[in-house]
Amino acid sequence: MTEISVREVQCTPFNDQRPGTAGLRKKVTVFQQPNYLENFVQSIFDTLDLGNDATLVLGGDGRFFNREAINIITAMAVANNIGRLVIGQDGLLSTPAVSNLIRTRKTNGGILLTASHNPGGPDGDFGIKFNTASGGQAPEQLTDAVYEHSQSISSYRIADINPLDLGTLGTYSIGTMEVEIVDPVSDYAVLMEELFDFELIRGAFKSGTRLHFDALNAVTGPYAEKIFCDLLGASKDSVHNTQPLENFGGLHPDPNPVDAAHLVKLAFADNAPDLLAASDGDGDRNMILGRGMIVSPGDSLAIMLANTQLAPGYREAIPGVARSMPTSRAVDMVAAELNIPLYETPTGWRFFCNLLESGSIALCGEESFGTGSAHTREKDGLWAILYWLNMMASLNQSVDEIVQRHWRRFGRCFFQRRDYFIPDTDKANALIQDLTTSIRDLAAITTNIETADVFSYTDPVDGSVSNNQGIRIFLTDGSRIVYRLSGTGTSGATLRVYLDKQERDSTRIQQTPAYALDELGLLATDIARIKHYTGLDAPTFSI
Ligand code: VG1
Ligand code: CO
């Protein structure tokens with residue numbers, strides 16, 4: 001074994017290293033500053049205190065700076081006496097695949113390099129987060145502890161190593177540490193085969209079901225080629241933009257009807273495919289469309305819950321289900337009928353992890369195009385698409401039929417999220433501050449408001465409390481408004497306004513969400529005095 005030299009590098013803290021909703025996300029240029037990534041990684045190592053011989057999984061969504069970051073983290077892992085790193089070939093691993101590898105290999109955790117759905121490239125965003133031995137995102141207490149540590153860090157340890165050969169599968173040593181380069185797809189594909197009826201889906205493709213999946217030049221391309229084409233027999237032209245690129249080929253890997261409008265257009269064109277789908281930068285989000293139908297994420301979760309008996313992995317009794325607080329209450333309508341517990345958590349997948357780990361829930365989801373289950377501890381884009389393929393094949397129904405039947409049976413929950421980009425964060429904070437103060441009296445002075453509060457969550461498993469998780473207003477007609485600030489942006493602030501309204505009257509379920517929520521939207525703008533604080537007449541973005 002060749003001797004490796006390790007350096008202790010003096011550094012000073014950066015005051016902006018507090019992780020947000022899902023890890024530390026900053027502009028690439030921020031991460032490129034000397035010591036920026038190193039300080040944060042050393043803070044992770046020091047806080048986790050893994051001891052010698054720990055194994056970690058390492059991979060990312062392939063965006064610009066991914067390779068550099070993998071080399072830096074590997075060099076630091078050597079210097080910090082990590083025993084083994086399991087790294088995805090070419091530095092690629094989707095977020096759910098990392099979670100799965102942590103679990104199947106029983107590693108001590110993992111480091112994920114991704115800014116998810118944020119734009120990539122030299123002028124785009126980069127991000128890093130760490131997951132624990134359960135495969136789930138670090139809980140708030142741990143990310144807080146890492147942040148605290150980063151505020152007093154004075155040095156980090158790094159080894160002098162040659163750049164890694166990320167392209168070649170296999171195991172080799174760097175000093176006392178082992179590096180294993182693994183195929184990013186194979187373990188994940190095995191898991192999917194266990195959960196879904198691949199034989200049935202293969203049959204559907206054989207009999208002509210047409211899929212159009214768009215990987216948006218992000219991490220899911222190789223996964224889609226292997227699973228949809230090689231294992232399930234979908235034709236090669238079912239998958240698009242499957243080459244992971246550092247700048248996503250100029251595409252914005254955010255699977256929603258605005259950023260992926262080309263898929264909406266295709267879904268409403270003549271001769272549209274049966275199922276259209278996309279995933280995000282790191283493969284944990286999903287968008288589902290059918291011929292003439294956009295499936296809202298809240299509906300998708302509700303429909304999955306109503307059809308668990310169709311997929312082999314979900315035939316056993318479902319203990320419970322969870323959604324993040326702002327997510328549409330469509331799933332509540334199903335949980336009530338099935339008489340199973342429904343948990344309402346703050347925004348961010350990490351809040352589902354204890355519920356999944358304790359066996360309290362089998363399915364969970366967020367309005368932000370995220371759905372998942374107890375098969376892993378991250379949301380999972382391709383899993384959701386396979387779930388839909390399985391449902392379509394079992395029921396022999398189109399996406400549109402499945403959704404329409406669901407609405408007729410359970411009712412519909414109209415949902416919209418309206419985002420306001422506010423360059424000046426002080427103005428956004430003032431809006432939230434003043435609204436927090438004024439909602440206390442709102443219910444007393446406004447007749448159609450039932451209650452209003454600031455959402456606070458007590459984790460039923462470990463008792464930890466998370467305050468200030470969004471402002472909620474419940475109206476007397478059962479509709480709801482939620483306000484919160486985004487925790488994933490890298491500049492300015494984004495105010496998110498979530499509108500939701502349950503509708504059981506079958507004559508009204510065909511309305512568009514924009515129409516059904518028009519009045520509620522006006523009320524939401526008035527109550528928060530959005531124009532006054534931001535100068536904005538309309539949302540910057542609506543889905
Ligand atoms: C957004 C979504 C949230 C999601 C998070 C991470 O957070 O609203 O539901 O969990 O992104 O998604 P925020 O704080 O900007 O509203 V992803 O695919 O990063 O990992
Ligand atoms: Co993501």
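Residues numbered from 1 in each chain as written. Chains lettered and ligands numbered in written order. Predicted model: local features only at pLDDT ≥ 70, side-chain atom pairs only at ≥ 80, totals over all residues. Heavy atoms only, no water.

### Let's talk about the overall build of the protein chain
Item 1. When helices and strands are counted, the protein chain shows 18 helices and 26 strands.
Item 2. Over its C-alpha trace the protein chain gives a radius of gyration of 23 Å, about what one expects of a compact globule, namely 24 Å for 543 residues.
Item 3. By principal-axis analysis of the C-alpha atoms, the protein chain measures approximately 75 × 60 × 40 Å.
Item 4. For the protein chain, the residues scored as buried account for 58% of the 543 residues in total.
Item 5. Residue pairs in contact within the protein chain that sit at least 24 positions apart in sequence constitute 73% of those at least 6 positions apart.
Item 6. When the accessible surface of the protein chain is totalled, it reaches about 20700 Å², and 47% of it is carbon and sulfur. (Helix = DSSP H or I, 4+ residues; strand = E, 2+ residues; numbered from the N terminus. Rg over C-alpha atoms; globule rule 2.2 N^0.38 Å. Buried < 20%, exposed > 50% of the residue type's maximum accessible area, 1.4 Å probe, protein only. Contact = heavy atoms within 4.5 Å. Areas by Shrake-Rupley, 256 points an atom, 1.4 Å probe, with all protein chains shown as cover.)

### Details of the coordination of the cobalt ion (ligand 2)
Item 1. Binding of the cobalt ion (ligand 2) to the protein goes through S116 (OG), D280 (OD), D282 (OD) and D284 (OD), at separations of 2.0 to 2.2 Å.
Item 2. Between consecutive donor residues of the cobalt ion (ligand 2), the sequence gaps follow S-x163-D-x1-D-x1-D. You'll find D282 and D284 in the same group, each marked buried. (Donors = N, O, S within 2.8 Å, 3.2 Å for Na, K, Ca; no water.)

### Observations regarding the sheet that holds strand β11 (residues 239–240)
Item 1. If you walk across this open sheet you meet the five strands as β11-β10-β12-β13-β14, and the pairing is mixed. Looking at which strands have only one partner, the edges of the open sheet turn out to be β11 and β14 (293–295).
Item 2. Across three bridges, strand β13 (residues 286–290) lies against β14 in antiparallel orientation. Within the sheet, the bridge partner assigned to L289 lies in β14 and is I294.
Item 3. Sheet strands in contact with helix α13 (residues 381–395) are β10 (211–214), β12 (275–279), β13 and β14, and its direction is about 165 degrees off that of β12. (Pairing = 2+ DSSP bridges. Axes fitted to C-alpha atoms, helices over the stretch in contact; angles between N-to-C directions.)

### Re the site of ligand 1
Item 1. Lining the immediate surroundings of ligand 1 are 19 residues, of which T21, R25, S116, S368 and T488 lie closest.
Item 2. Between R25 and ligand 1, the recorded distance is 2.4 Å, taken from a side-chain N or O atom to an oxygen atom.
Item 3. D284 is positioned such that a nitrogen or oxygen atom in its side chain is 3.0 Å from an oxygen atom of ligand 1.
Item 4. Taken together, the residues of the shell around ligand 1 sort by class into one nonpolar, nine polar and nine charged. (Near = heavy atom within 4 Å. Polar contact = N/O pair within 3.5 Å; in protein donor to acceptor, adjacent residues only side chain to side chain. Nonpolar A, V, L, I, M, F, W, Y, C, P; charged D, E, K, R; others polar.)

### Concerning the packing of aromatic side chains
Item 1. What the rule picks out here adds up to 15 aromatic pairs.
Item 2. Here F31 and F126 contribute two aromatic rings whose centre-to-centre distance is 5.1 Å and whose plane-to-plane angle is 80 degrees, an arrangement assigned as edge-to-face. Linking F31 in helix α1 (residues 28–31) with F126 in strand β6 (residues 125–131), this pair joins segments that are 95 residues apart in sequence.
Item 3. In this structure F31 comes out as buried when scored by relative accessible area, which is 1%.
Item 4. The exposure class assigned to F126 is buried, which follows from its relative accessible area of 0%. (Phe/Tyr/Trp six-rings, centres within 6.5 Å; stacked < 30°, edge-to-face > 60°.)

### As for the pairing of strand β5 (residues 109–113)
Item 1. For β5, the tally of buried residues reaches five of five residues, placing the bulk of the element in the interior.
Item 2. Burial along β5 is two-sided: G109, I111 and L113 facing one way and G110 and L112 facing the other are all buried.
Item 3. Pairing geometry for strand β3 (residues 55–60) and β5, over five bridges, is parallel. Across the sheet, G59 pairs through a bridge with L112, a residue of β5.

### Things to note about the pattern of salt bridges
Item 1. Using the criterion set out here, one finds 32 salt bridges in the structure.
Item 2. Of the charged contacts, one joins D46 and R157 as a salt bridge, the two residues approaching to 3.9 Å between their closest N and O atoms. In this pair, D46 is assigned in helix α2 (residues 36–48) and R157 in strand β7 (residues 155–159), connecting sequence segments 111 residues apart.
Item 3. The partly exposed category is assigned to D46, whose relative accessible area is 29%.
Item 4. Salt bridges sharing partners connect three or more residues here, namely R323, R329, D332, E344, D453, R472, R480 and D500. (Salt bridge = Lys/Arg side-chain N within 4 Å of Asp/Glu carboxyl O.)

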